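# Inside the fold
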Amino acid sequence: MTDITDRLRTEIDARRDDLVTLTADLIRFPTVNPPGDYYRDICEYVANRLRKRGFTCELLRAEGARGDSDKHPRWNVLARREGASPGETVHFNSHHDVVEVGRGWTVDPFGGEVKDDKVYGRGACDMKGGLAASIIAAETFADVVPDFRGNIEISATADEETGGYGGVAWMAEQGYFSPERVQHVIIPEPLNKNRICLGHRGVWWAEIETHGRIAHGSMPFLGDSAIRHMAALLGEIEETLYPALASRQTAMPVVPPLARQSTLNINSIHGGQPEPEAGYTGFPAPVVAHSARIVIDRRYLIEETPAAVRQEVVDLLEKLKATRPGFSYELRDLWTIPPTMTERDAPVVRAVDQAIGEVLGLTPDYVVSPGTYDQKHIDRIGRLHNCIAYGPGILDLAHQPDEYVGITDMLDSAKVMALALNNLLGRS
């Protein structure tokens, strides 16, 4: 066992240049979501590489899924390599989409520039570096231990940044993550190489609209401003809801520590007249706003229930309806996902824990993510609970300008993944 461990580590070090090139190549596909560009291109690239290394590969379009269209089809790739004898299946899942570039970059966001032990670019950290590390780990393990048991799967999937419905959710609905087919899942999200992420907080998104009555802006007393009603709602949120949320603490090891409380973010606010078309140089019309809307992003704890989370917002709205003349509203649920947390003694957790000890010489931290990722669909739809996130990169760099992933971190994470494969599928 020690000889195989040493060979895996040595062989991954020897593939450093391949790992860097692979990561840079993946970054150069500008798979920005929305709208969802170059999805098929990156899937074909991954498939072409893995076919040459003994994997059978399928390109899977999530037809009919949320976000899928003929202009921007939601493409996913699934690669599978079967071992020399029957056994369990270990699946590495990474999303291939990235968020918009934004401002503030000093390097080409899709250049894959290599500098000072880092590879730069949008998606380097979140999570093309993790995808590359899992590919190198799986290829190395299959080369060093060709008589392994069971099966190795690697997927690169769509739309995690917008909920994952055109990627992992769709695949789970098709049975690709059923416990009969797959027994262990590792998602190489950037949670730091010395951490095992067991799950995430819950989320509830909703849209709240306040109603008013249109009138001439010079005589606002003849109308009823929906914006003023929305301001009253925002005031109640500030004065009563935010303090209540801040008082709740979870036993989940959420990082960063401030995320161990319940949180609510006002995602967007819209009121009054629509934004004018580009190039319009006139003034707005003088009217009282008849509608105002906010979108809320509520993150909740495993100690809370979805019904209670929603009800406290309803109670606040009903309080305003009872005390504020003319106040009326609509509350529209957008989506909700409950919290999830894998047990610390789950087989995949033990396998990665042992591998981190062998590679890094330390006991890993167990954490929970403040935001959701695709584990939610594997758990909720696939009914597969033996799932964790483990991968290279620093979570705080995700979605930031000059995003990067450390090369040493990728190498160490690839070693951990390869050793975890050996713990789960290696020779008896």
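In this text the structure is predicted, and so the values were computed from the model without any measurement.

### As for the packing of helix H2 (residues 16–27) against helix H10 (residues 407–425)
Describing two packed helices takes the angle between their axes plus the distance from one axis to the other. Across the interface, H2 lies against H10 with an axial gap of 10 Å and an inter-helix angle of 110 degrees. Taken together, the axes of H2 and H10 lie roughly perpendicular to each other. The chirality of how H2 crosses H10 is right-handed. For the pair H2 and H10, contact is made by Arg-16, Leu-19, Val-20 and Thr-23 and by Ile-407, Met-410 and Leu-411, respectively. For the contact of H2 with H10, a count of residues per class yields five nonpolar, one polar and one charged.

### Side note on the side chain of Glu-207
Turning to its location among the elements, Glu-207 is positioned in strand S9 (residues 202–211). A distance of 3.0 Å separates the side chain of Glu-207 from the side chain of Arg-293, its partner in a polar contact. A distance of 2.7 Å separates polar atoms of two side chains, one belonging to Glu-207 and the other to Arg-332. Not counting residues up to four positions away in its chain, the partners in contact with Glu-207 are Arg-293, Ile-294, Val-295, Glu-330, Leu-331, Arg-332 and Leu-334.

### Some thoughts on the environment of Ser-178
Inspection of the secondary structure assignment puts Ser-178 in the loop between helix H5 (168–173) and strand S7 (184–187). Separated by 206 residues in the primary sequence, Ser-178 and Leu-384 place their C-alpha atoms 6.3 Å from one another. Polar contacts involving the side chain of Ser-178 include one to the main-chain carbonyl oxygen of Gly-175, which spans 3.3 Å.

### Quick word on the packing of H2 against helix H3 (residues 39–51)
At a minimum axis separation of 11 Å, H2 and H3 run at an interaxial angle of 155 degrees. Classified by the angle their axes make, H2 and H3 are roughly antiparallel. Across from Asp-18, Leu-22, Asp-25 and Leu-26 in H2, the residues of H3 making contact are Ile-42, Tyr-45, Val-46 and Arg-49. When its residues are assigned to classes, the contact of H2 with H3 shows five nonpolar, no polar and three charged.

### Looking at the pattern of salt bridges
Going through the model one piece at a time under the given rule, you end up with 31 salt bridges. Its salt-bridge partner being Glu-139, residue Arg-53 comes within 3.1 Å of it at the nearest N-O pair. In this pair, Arg-53 sits in the loop between H3 and strand S1 (56–61) while Glu-139 sits in helix H4 (residues 124–144), placing the two residues 86 residues apart along the sequence. Salt-bridge contacts for Glu-207 lead to Arg-332; the nearest nitrogen and oxygen are separated by 2.7 Å.

### A closer look at the side chain of Ser-155
Along the chain, Ser-155 falls in strand S6 (residues 149–157). With a relative accessible area of 1%, Ser-155 lands in the buried category. Apart from the residues lying within four places of it in its own chain, the contact partners of Ser-155 are Val-77, Leu-78, His-91, Phe-92, Asn-93, Ser-94, Leu-131 and Phe-177.

### Regarding the packing of aromatic side chains
Aromatic rings in a pair are described by how distant their centres are and how their planes are angled relative to each other. Going through the model one piece at a time under the given rule, you end up with six aromatic pairs. Each ring, one from Phe-141 and one from Phe-148, has its centre 5.4 Å from the other, and the planes form 50 degrees; the classification is tilted. By relative accessible area, Phe-141 is classed as buried at 0%. Given a relative accessible area of 1%, Phe-148 falls into the buried group. Judged by centre distance (6.2 Å) and plane angle (85 degrees), the rings of Tyr-165 and Trp-335 are edge-to-face. Here Tyr-165 is found in the loop between S6 and H5, whereas its partner Trp-335 is found in strand S12 (residues 329–337), with 170 residues between them in sequence. Residue class for Tyr-165 comes out partly exposed when judged on its relative accessible area of 22%. Positioned over the ring face of Tyr-165 is Arg-66, at 6.0 Å from the centre of the ring.

### Details of the sheet that holds strand S16 (residues 404–406)
Read from one edge to the other, the open sheet built from three strands follows the order S4-S5-S16, with strand pairing classed as antiparallel. At either end of the open sheet lies a strand with only one pairing partner, and these are strand S4 (114–115) and S16. When S4 meets strand S5 (residues 118–120), the two strands line up antiparallel, connected through two bridges. Looking across to S5, one finds that Val-114 is bridged to Val-119. Each of S5 and S16 is contacted by H4, which is oriented at about 45 degrees to S16, the strand it contacts most. Relative to S16, H10 is tilted by about 60 degrees, and along the sheet it contacts S4, S5 and S16.

Procedures and definitions
- Residues numbered from 1 in each chain as written.
- Predicted model: local features only at pLDDT ≥ 70, side-chain atom pairs only at ≥ 80, totals over all residues.
- Heavy atoms only, no water.
- Axes fitted to C-alpha atoms, helices over the stretch in contact; angles between N-to-C directions.
- Helix = DSSP H or I, 4+ residues; strand = E, 2+ residues; numbered from the N terminus.
- Parallel < 35°, antiparallel > 145°, perpendicular 65-115°, else oblique.
- Left-handed = near helix turned anticlockwise from the far one by under 90°.
- Contact = heavy atoms within 4.5 Å.
- Nonpolar A, V, L, I, M, F, W, Y, C, P; charged D, E, K, R; others polar.
- Polar contact = N/O pair within 3.5 Å; in protein donor to acceptor, adjacent residues only side chain to side chain.
- Salt bridge = Lys/Arg side-chain N within 4 Å of Asp/Glu carboxyl O.
- Buried < 20%, exposed > 50% of the residue type's maximum accessible area, 1.4 Å probe, protein only.
- Phe/Tyr/Trp six-rings, centres within 6.5 Å; stacked < 30°, edge-to-face > 60°.
- Lys NZ or Arg CZ within 6 Å of the ring centre and 35° of its normal.
- Pairing = 2+ DSSP bridges.

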